[in-house]
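Okay, here's what each chain looks like letter by letter:
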Amino acid sequence: MDFFNYVMVLSSVIIGLGITHLLQGVAGIVQHPRRDKVYWVHLAWVAVTFLRAVFWWWFEFRLSKIAEWTFTLYVFVLAYAFLIYLWCALLFPRDLSGYDGFKEYFYSRRRWFFGIGLAGQVIDVADTLFKGVGYFRSLGPSYVIAVSTFAALFLIAMRTRSERYHAALAVIAVVYLVAYPWMVFDKVQ
């Protein structure tokens, strides 16, 4: 087993736990639709976070081209996986008691959720650079613009409770994450 596969086993388990958490949360809503008040913006972020986790696994394959791994890179990949897991875990608490449904819970945790999302944007740039400067450049200016834009939008989302803002951001994020991989990563580069 090469080192890439060795590292990806543990990071894949972490990502898999995050995806499992999301799927169990959605299954809980389906199984008991009247137990907790559902909020479509929250569900949109569930979709975004699910896609982010799945796409992360796809994008990390590029690290297989790294010939010499360091402990720093190993810790970095695991930390990135943990960050995505945490993003997933924040969407479905163990218990919603004390909250009047997912809407109230989502807004009460927005600083954490979008703070982790902001950290994810920064870490994604570092991750892309670990894959090589040539790779980073191959993504073109659209990558830098997208990361910068989402970082700014997440900063605003941390501060505002505007339902219209959060609804618009959720829709933008879903559309972006559905479209971007096919525009840029239709195959492993």
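The text that follows walks through the structure, step by step, so that each part is easy to find. These numbers come from a predicted model, not from an experiment.

Notes on the layout of surface pockets
And then number 1: Considered as a void within the structure, the largest pocket measures approximately 460 Å³ in volume.
And then number 2: In terms of lining residues, the largest pocket is bounded by 19 residues, among which Gly25, Phe92, Pro93, Arg94 and Asp95 are the most central.
And then number 3: Counting residues per element, the ones that place at least two in the lining of the largest pocket are α1 (3–31) and α3 (71–91).
And then number 4: In terms of residue count, α1 provides more of the lining of the largest pocket than any other element does, six residues in total.

Description of empty space enclosed by the protein
And then number 1: One pass over the structure, following the stated rule, counts three cavities of 30 Å³ or more.
And then number 2: Here the largest cavity defines a volume of roughly 390 Å³.
And then number 3: Residue lining of the largest cavity: 27 residues in total, with Arg52, Phe59, Asp124, Tyr176 and Leu177 positioned closest to the centre.
And then number 4: Listing elements by their share of the lining of the largest cavity, those giving two or more residues are α2 (40–59), α3, α5 (110–130), α7 (140–159) and α8 (163–184).
And then number 5: The greatest single-element share of the lining of the largest cavity, amounting to six residues, is contributed by α2.

Some details on the packing of aromatic side chains
And then number 1: Counting across every chain of the model gives 28 aromatic pairs.
And then number 2: Note on Phe4 and Trp69: the rings are 6.5 Å apart at their centroids and 45° apart in plane angle, and the pair reads as tilted. With Phe4 in helix α1 and Trp69 in the loop between α2 and α3, the pair connects residues that are 65 residues apart, well separated along the chain.
And then number 3: In this structure Trp69 comes out as buried when scored by relative accessible area, which is 14%.

Quick notes on the rules
Just so you know, the residues in each chain are numbered from 1, in the order the chain's sequence is written. Note on the predicted model: pLDDT of at least 70 is required for a residue's local features to be given, and 80 or more for side-chain atom pairs to be given and counted; whole-chain, interface and lining totals, by contrast, use all residues. As a rule here, side-chain values come from all non-hydrogen atoms in the structure, and water together with hydrogens is ignored. Points on a 1 Å grid, built from protein atoms alone, make a cavity when a 1.4 Å probe fits but cannot get out and make a pocket when they are open with protein on both sides within 12 Å along at least 5 of 7 lines; residues with an atom within 4 Å of a point are the lining residues. Grid points are joined across faces, edges and corners, and a volume is the space filled by probe spheres set on the points. A run of DSSP states H or I qualifies as a helix once it reaches four residues; a run of E qualifies as a strand once it reaches two. Both are numbered from the N-terminal end. Working definition: a ring pair exists when centres of Phe, Tyr or Trp rings (six-membered ring for Trp) sit within 6.5 Å. Plane angles under 30 degrees give stacked, over 60 give edge-to-face, the rest tilted. A 1.4 Å probe rolled over the protein chains alone gives each residue an accessible area, and that area as a share of the maximum for its type sets the label: buried under 20%, exposed over 50%, partly exposed in between.

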